[in-house]
Amino acid sequence: MEYPVYINGKKTGVLSVRRDGLMTAFEADCEYAEGLLRLWVYGDGEPLPLGVLRPEGGRLRLKKRFTKNELRRFSGNITCAGDKAPQPEPEKEPETSPKPEEQQLLWVQTPKGTLTAYDGERTLLAMPTLGGMRRGRTLMIGGRHYMVFESKRNLR
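Keep in mind the model is a prediction, meaning the values are calculated, not measured.

Enquirer: Could you clarify how one ought to interpret the pairing of strand S7 (residues 59–67) in this entry?
Expert: Sheet faces and side chains relate simply in a regular strand, where the side chains alternate between the two faces. Here nine bridges tie strand S3 (residues 23–31) to S7, and the two strands are oriented antiparallel to one another. Across the sheet, the residue bridging to Cys30 is Leu60, located in S7. Here strand S6 (residues 54–56) pairs with S7 via three bridges, running antiparallel. What sits directly across from Arg54, in S7, is Arg61.

Okay, here's the thing in structure tokens:
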């Protein structure tokens, strides 16, 4: 598999990852840049330090092999490699506008952290969103994002 390598915020090369017997081999090939540059692998889990890129033939290169045991602390899918963590793009707020009557609802918190409200016709259930999970209908209630579900019938 191949992944992009970012040096000083700019895509400058490629990281190749492949199985090599019982080991996993990482090979980076990047454009030349001045200075001592340590390469890291980033993904879902904790960043994994690969080592220092070295000049070779007018480019920067690195070869490193890890055992399965050495890779345990890096638990996650690889997204890229670089000299520092890539800056995440700011989350876009979902474009949901609550109905005017929903802005006037009295929300009651349950012991499990969900909120319920009754609008005169149906019961609404609001569950806190987790991280970037904001698909579907969401509302900002008390400064926090909630996914909102409604019953098809009156539960009261």
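Enquirer: Just to check I follow, could you spell out the packing of aromatic side chains for this structure?
Expert: Each aromatic ring pair is described using two quantities: the centre-to-centre distance and the angle formed by the ring planes. Counted according to the given criterion, the structure contains one aromatic pair. Taken together, a centroid distance of 5.5 Å and an interplanar angle of 85° make the contact between Phe26 and Phe66 edge-to-face. Of this pair, Phe26 sits in strand S3 while Phe66 sits in strand S7, placing them 40 residues apart in sequence. Each of the two residues, Phe26 as well as Phe66, counts as buried.

Quick notes on the rules
Residues numbered from 1 in each chain as written. Predicted model: local features only at pLDDT ≥ 70, side-chain atom pairs only at ≥ 80, totals over all residues. Heavy atoms only, no water. Pairing = 2+ DSSP bridges. Helix = DSSP H or I, 4+ residues; strand = E, 2+ residues; numbered from the N terminus. Phe/Tyr/Trp six-rings, centres within 6.5 Å; stacked < 30°, edge-to-face > 60°. Buried < 20%, exposed > 50% of the residue type's maximum accessible area, 1.4 Å probe, protein only.

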